[in-house]
Structures are given as structure tokens and as C-alpha cells.
Amino acid sequence: MTDQGSSGYILQTTLEGISPAQLTGFFVGWPNPPSPETFYRLLAGSYRFVLAVQRGQVIGFVQAVSDGVLTAFVPLLEVRPEHQGRGIGRALMERLLAELADFYAVDLACDDDLVPFYEGLGLRRANLMFRRNYARQQGRPATP
């Protein structure tokens, strides 16, 4: 499914017409970012995702993982740096939250400076506990 964004991009919720080559420019600042192929697998394995696509290139995405019954978690929202500040992240989150509207809980973790952004989308501040294995930041190897 696709929707037209206000800045000449479309929002889409499938990988139809998307290849790993269109998934570059993300994970800026990560010491061990996932490859475009791993990123593609990440999206394919997600419960839901929304892509912002402009002129054949993915310029933003948001992803949700879920049990499909009660809860969902939003681990990643990213807009390529050259496209930030144009409302794309908000549009991605609004679309994803609409896709997850029937769930009891939709949770995410964010840095303190992003709290106002998410509060503006109706989310509330809470505590978070986490563990990171930075040696696996590139993702798990593909299984045959």
C-alpha cells in the first residue's frame, strides 16, 4: 500500500519494487552498520514497516516488531540526514501508529532529545531497560 507524502515522496508498506541497493545511507554513525542486504532482511522479517520512497530511493523508514496480539515495539525510525527536518519522520510514525492502532501497547525507546517528538505523536515517557551486543550490530548472519 502507498500514500503520497507532501514532499514528493510516497509511503509504502511492502518491499514491492525495493531492492537492497535502494536501502543505502542509513545507520549513520553506527560503527558496524548492517549491510543493505541485512537491512532488507530486517524489513522483510518485521511485523510492520513503512518506507518513504523518493525517485526510487528509500529516504526514511520505521519498523515494528510484535506478537501480533497485544504488544508492538518500534526499534528503528530513521530518515536519511539530507531529508531530515521535512516532516518525513512524523509521517512515517503516524502511518505506523495507524497500522498498530488495535494493539494494547506500542512501545519504543529514544534518546532524551527525541522525547518531545514522540510526545507530539501521543506517546508518553516511561523507563526502559536494555542490553546491547555491539559485536552483532551488523545483524545476525543469514541462514540458508
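Residues numbered from 1 in each chain as written. Predicted model: local features only at pLDDT ≥ 70, side-chain atom pairs only at ≥ 80, totals over all residues. Heavy atoms only, no water.

K.L.:
Could you give me a rundown of the pairing of strand 3 (residues 48-54), with the residues and numbers involved?
P.N.:
Among the seven residues that make up strand 3, six are buried, leaving the element largely enclosed by the rest of the structure. Pairing geometry for strand 3 and strand 4 (residues 57-66), over seven bridges, is antiparallel. From the neighbouring strand, valine 50 faces strand 4, where its bridge partner is valine 62. Two successive antiparallel strands, strand 3 and strand 4, enclose a turn made up of two residues, where arginine 55 displays a positive phi of approximately 50°. (Buried < 20%, exposed > 50% of the residue type's maximum accessible area, 1.4 Å probe, protein only. Helix = DSSP H or I, 4+ residues; strand = E, 2+ residues; numbered from the N terminus. Pairing = 2+ DSSP bridges.)

K.L.:
Outline the layout of surface pockets, listing residues and values.
P.N.:
When its volume is computed, the largest pocket comes out at roughly 1,700 Å³. The wall of the largest pocket is formed by 45 residues, among which Phe27, Trp30, Pro75, Leu76 and Arg132 lie closest to the centre. The set of elements that each furnish at least two residues to the lining of the largest pocket consists of helix 1 (36-44), strand 4, strand 5 (71-79), helix 2 (88-99) and helix 3 (115-119). With seven residues, strand 5 is the largest single contributor of residues to the lining of the largest pocket. Residues that form the lining of the largest pocket fall into these classes: 25 nonpolar, twelve polar and eight charged. Lining the second largest pocket we find 18 residues, and of these Leu108, Ala109, Arg124, Arg125 and Ala126 sit closest to its centre. Taken together, the elements giving at least two residues each to the lining of the second largest pocket come down to strand 6 (105-108) and helix 3. Counted by class, the lining of the second largest pocket contains eleven nonpolar, two polar and five charged residues. (1 Å grid on protein atoms, 1.4 Å probe; cavity = no way out; pocket = protein on both sides within 12 Å on 5 of 7 lines; lining within 4 Å. Points joined across faces, edges and corners; volume = space filled by probe spheres on them. Nonpolar A, V, L, I, M, F, W, Y, C, P; charged D, E, K, R; others polar.)

K.L.:
Account for the packing of aromatic side chains, naming residues and giving values.
P.N.:
What the rule picks out here adds up to eight aromatic pairs. Geometrically, the ring pair formed by phenylalanine 27 and tryptophan 30 is edge-to-face, given 4.7 Å between the ring centres and 65° between the ring planes. By relative accessible area, tryptophan 30 is classed as partly exposed at 31%. One aromatic cluster is present, built from ring pairs that chain together Phe26, Phe27, Trp30, Phe39 and Phe61. Directly above the aromatic system of tyrosine 47 lies the positively charged group of arginine 48, at a separation of 4.4 Å from the ring centroid. (Phe/Tyr/Trp six-rings, centres within 6.5 Å; stacked < 30°, edge-to-face > 60°. Lys NZ or Arg CZ within 6 Å of the ring centre and 35° of its normal.)

K.L.:
Break down the side chain of glutamine 12 for me, with residues and values.
P.N.:
Its location among the elements puts glutamine 12 in strand 2 (residues 10-12). With a relative accessible area of 7%, glutamine 12 lands in the buried category. A polar side-chain atom of glutamine 12 sits 2.9 Å from the main-chain carbonyl oxygen of threonine 14. (Polar contact = N/O pair within 3.5 Å; in protein donor to acceptor, adjacent residues only side chain to side chain.)

K.L.:
Which residues make up helix 1, and what values go with them?
P.N.:
Restricting attention to buried positions, one finds in helix 1 the residues Thr38, Phe39 and Leu43. Taken around the axis of helix 1, the buried residues stretch over an arc of 145°, which confines them to a single face. (Arc of directions from axis to C-beta.)

K.L.:
Before we move on, could you go through unusual backbone geometry and cite the residues and values that matter?
P.N.:
Positive phi is not limited to glycine here, since phenylalanine 27 has a value of about 60°. Here phenylalanine 27 shows up in the loop between strand 2 and helix 1.

K.L.:
Tell me about the pattern of salt bridges, and please be specific about residues and values.
P.N.:
Counted by the stated rule, this structure contains five salt bridges. Note that arginine 90 and glutamate 94 form a salt bridge whose closest N and O atoms lie 3.8 Å from each other. Of the two residues, arginine 90 and glutamate 94 are both situated in helix 2; the distance of four residues between them amounts to about one turn of the helix. The exposure class assigned to arginine 90 is partly exposed, which follows from its relative accessible area of 31%. We note a salt bridge from aspartate 112 to arginine 125, for which the minimum N-O separation is 2.9 Å. Separated by 13 residues along the polypeptide, aspartate 112 in the loop between strand 6 and helix 3 and arginine 125 in the segment after helix 3 bring together distant segments of the chain. Residues joined in a network through salt bridges with shared partners are Arg48, Arg95 and Glu99. (Salt bridge = Lys/Arg side-chain N within 4 Å of Asp/Glu carboxyl O.)

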